[in-house]
Amino acid sequence: MTDLLIVGGDVVTMDSARRVLTGATVAVSGDGIAALGTAEDLRARFPGAREIEASGCVVIPGLIDAHQHTTVDPLVRSMIPDHIGSQESIFDWIVPLHAHADGDDDELAATITAVECLSRGITTVLEPGTVAYPERVAAGLGAAGIRARVGGWGWDAEGVPFGAPADEVLARQEDIVRSLPVTGPVTGWVTLVGHDLASDELFAGAASLAERLDTGLTWHISPGPADVEAYALRCARRPVVHFRELGVLGPRLLLGHAVWLDDAEVDAILETRTAVAACPGAYLRLAQGYTRASRHAELVRRGGRVALGCDAHNAGDAPDVLLAAYLFAGLERDRDLPDPVRAEQAFALATIDGARAIGLGDRIGSLEVGKAADIVVLDARDPAWTPRGDLARQLVWGHVSRTVRDVLVGGRVVVRDRRPTGVDLAVVAAAAAERSAALLRRAGIAPRPTWPTEPVGHLAKETTR
């Protein structure tokens, strides 16, 4: 890749001093940030570099989505009814659909998710578990150019689809991680479904495997009260306390959700430096009691490792980390507690703190020399930026994700003038319509639209009577 200058924007660095450099130029060399300075100085240092004009624009670090499912749901976007419970949506919809999805479906769904993420300024996603074709998922994410961590779901509960004995699950986890590059934009993680669907043997084995492979691991726990109730019957302990007793908590582990926690569980997470991915939009969509139970803001205030996520297309409905930051801060403010979450804290969760939570804080999350060139240019000509206010507040409260114009991942331009550079949107849209209909037929699911839908020709006949 040749040198590139992003010229003249207001650069939100998210460095340790949280500096904003006005009218600044960012020099990209290879896959990294080589310098920040004036256009004049950097043009002299990098003669012949390509340029992206960013005068008047806001330039931010790429956003981190630490919990984003990419398979099946994108092909049945907004089809699962919103008046049913989470268990019904999983077992009447998602499980049958996964059972009938093929590798082409998964790769296409991952590409759709990646393109949508990039269009909202998300440059890194952690896929917390796909089922059957993780290598195809990695290919779909890579085609769009996003940075990602990918694994294949594992569980060993009896009588559950796709389950297997613990040793088989762990062997497959290792095969998946080893099948993906050790370095590069898309690499492997160890991923379990979690909840109460994994034995103690599987949890302990997964933690040991991640240590041996020098990678991270993630699983789901306590988005609602069901896991708390299940572990009370299973071991007479709260889930996270049980994990501490097993010795599986620690800085390699990112717990998806961890909403329903008690004091001992909060302390265990903080003491072990375990990370948490909070997906506020999903908890509201699925009515999981977030505002009654969440301790996420307390984890932030006490120095915990917290990142934001958007979950799945039929939970959060759209990957939009700035919206997740808005919801995180807004819902906490509505509790009327002392020391509410402020906009600058919520934006840090979406960038540098999110990067640290997934173990990549030394590589991404801020715009600093030596870090990867994961960069987002926001078009400040959009009315959302008129007039310009306090940048931290406008980024979180101003609904500005729609103003994403250009995106770089590892120095590669993956969105230019609001269009993806590596994917033909028309081809993807046509394939998505075809594969969505075919997948629903194979799964035996017939969506029922909320409003009656009929060809406009019927209306013409009525008006002529």
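Every value quoted in this text rests on a predicted model; they were computed, and no experiment measured them.

Helix and strand content of the chain: 18 helices and 18 strands. In summary, the chain has a C-alpha radius of gyration of 22 Å against a globular reference of 23 Å for 465 residues, a match within 12%. Along the three orthogonal principal directions, the C-alpha set of the chain runs to about 75 × 65 × 50 Å. In the chain, 72% of the contacts between residues at least 6 apart in sequence involve partners at least 24 apart. Carbon and sulfur atoms make up 52% of the accessible area of the chain, which totals about 19100 Å².

Further remarks concern the pairing of strand β3 (residues 32-37). Bridge count for strand β2 (residues 20-29) against β3 is five bridges, and the pairing is antiparallel. Counted as the bridge partner of V28 is I33 from β3. Counting the residues between successive antiparallel strands, the hairpin from β2 to β3 contains two residues, one of them, G30, with a positive phi of roughly 65°.

Now for the packing of aromatic side chains. Scanning all chains against the criterion turns up eight aromatic pairs. With a centroid separation of 5.3 Å and an interplanar angle of 20°, the aromatic rings of Y283 and Y290 are classed as stacked. Across this residue pair, the class does not change: Y283 and Y290 are buried. Among the aromatic residues, those joined into a cluster by ring pairs are F203, W219, Y231 and F243.

Within the secondary structure, T25 sits in strand β2. Of the residues examined, T25 reaches a relative accessible area of 0% and is grouped as buried. A polar atom in the side chain of T25 sits 3.4 Å from the backbone nitrogen of G8. Ignoring sequence-local partners within four residues, the contact set of T25 consists of L5, I6, V7, G8, A35, L36, G37, T38, A39 and L42.

Turning to its location among the elements, T215 is positioned in the loop between α6 (200-213) and β11 (217-221). Here T215 falls in the buried class, since its relative accessible area comes to 11%. Sequence separation of T215 and V182 is 33 residues, and the distance between their C-alpha atoms is 9.3 Å. Not counting residues up to four positions away in its chain, the partners in contact with T215 are G188, W189, V190, A210 and R252.

Bringing the pairing of strand β8 (residues 147-150) into the picture now. The alternating pattern of β8 places R147 and R149 on one face and A148 and V150 on the opposite face, and all of these are buried. In the sheet, strand β7 (residues 122-126) pairs with β8 via three bridges, with the strands oriented parallel. For L126, the partnering residue across the bridge sits in β8 and is R149. Crossover handedness for the path β7 to helix α4 (residues 134-144) to β8: right-handed. Where β8 meets strand β9 (residues 186-188), three bridges bridge the pair, whose relative direction is parallel.

Moving on, we get to the sheet that holds β7. Taken in spatial order, the four strands line up as β6-β7-β8-β9 in an open sheet, and their pairing is parallel. Each edge of the sheet is formed by a strand with only one pairing partner; in this case those strands are β6 (63-65) and β9. Each neighbouring strand pair of the sheet contributes to a mean axis angle of 15°, computed without reference to strand direction. Each of β8 and β9 is contacted by α4, which is oriented at about 175° to β8, the strand it contacts most.

Let us now look at the domain arrangement of the chain. Here the chain is described as being made up of domain 1 (4-62 + 366-420) and domain 2 (63-358). Once you take the C-alpha centre of each, domain 1 and domain 2 turn out to be 29 Å apart. With 28 residues of domain 1 in contact, the opposing surface of domain 2 contributes 31 residues. When domain 1 packs against domain 2, close to 2100 Å² is buried across both sides, 70% of that on carbon and sulfur atoms.

If you check UniProt for "domain: Amidohydrolase-related" (unreviewed entry), the listed places come out as residues 58-414 in our numbering. When the span residues 58-414 is considered, its composition is 42% helix and 15% strand, and the gap between its end C-alpha atoms is 18 Å.

Before going further, it helps to examine unusual backbone geometry. Comment: phi is negative for the bulk of residues other than glycine, and the bulk of peptide bonds are trans. Residue T386 is joined to P387 through a cis peptide bond whose omega torsion reads -5°. Mapping P387 onto the fold places it in the loop between β15 (375-378) and α16 (391-397). Phi angles above zero are rare outside glycine, and R18 is one such case at about 55°. Examined against the element boundaries, R18 turns out to sit in the loop between β1 (4-12) and β2. Judged by its relative accessible area of 38%, R18 falls in the partly exposed class.

Time to look at helix α3 (residues 103-119). Its 17 residues give α3 an end-to-end C-alpha distance of 24 Å, which sits within 8% of 24 Å, the value for a rise of 1.5 Å per residue. In terms of burial, α3 is a largely internal element, 14 of the 17 residues being buried. Here α3 starts with a cap whose side-chain oxygen sits 3.1 Å from the backbone nitrogen of D104, and that cap is D102. Remark: G121 follows α3 within two positions and exhibits a positive phi of approximately 85°.

Reading the values: rules and limits
Residues numbered from 1 in each chain as written. Predicted model: local features only at pLDDT ≥ 70, side-chain atom pairs only at ≥ 80, totals over all residues. Heavy atoms only, no water. Helix = DSSP H or I, 4+ residues; strand = E, 2+ residues; numbered from the N terminus. Rg over C-alpha atoms; globule rule 2.2 N^0.38 Å. Contact = heavy atoms within 4.5 Å. Areas by Shrake-Rupley, 256 points an atom, 1.4 Å probe, with all protein chains shown as cover. Pairing = 2+ DSSP bridges. Phe/Tyr/Trp six-rings, centres within 6.5 Å; stacked < 30°, edge-to-face > 60°. Buried < 20%, exposed > 50% of the residue type's maximum accessible area, 1.4 Å probe, protein only. Polar contact = N/O pair within 3.5 Å; in protein donor to acceptor, adjacent residues only side chain to side chain. Right-handed = clockwise from strand over helix to strand, strands pointing away. Axes fitted to C-alpha atoms, helices over the stretch in contact; angles between N-to-C directions. Domains from an automatic or database assignment. Buried area = accessible area lost by both parts, 1.4 Å probe. UniProt positions renumbered as here; feature names shortened; annotations may be inferred. Expected span 1.5 Å × (residues − 1).

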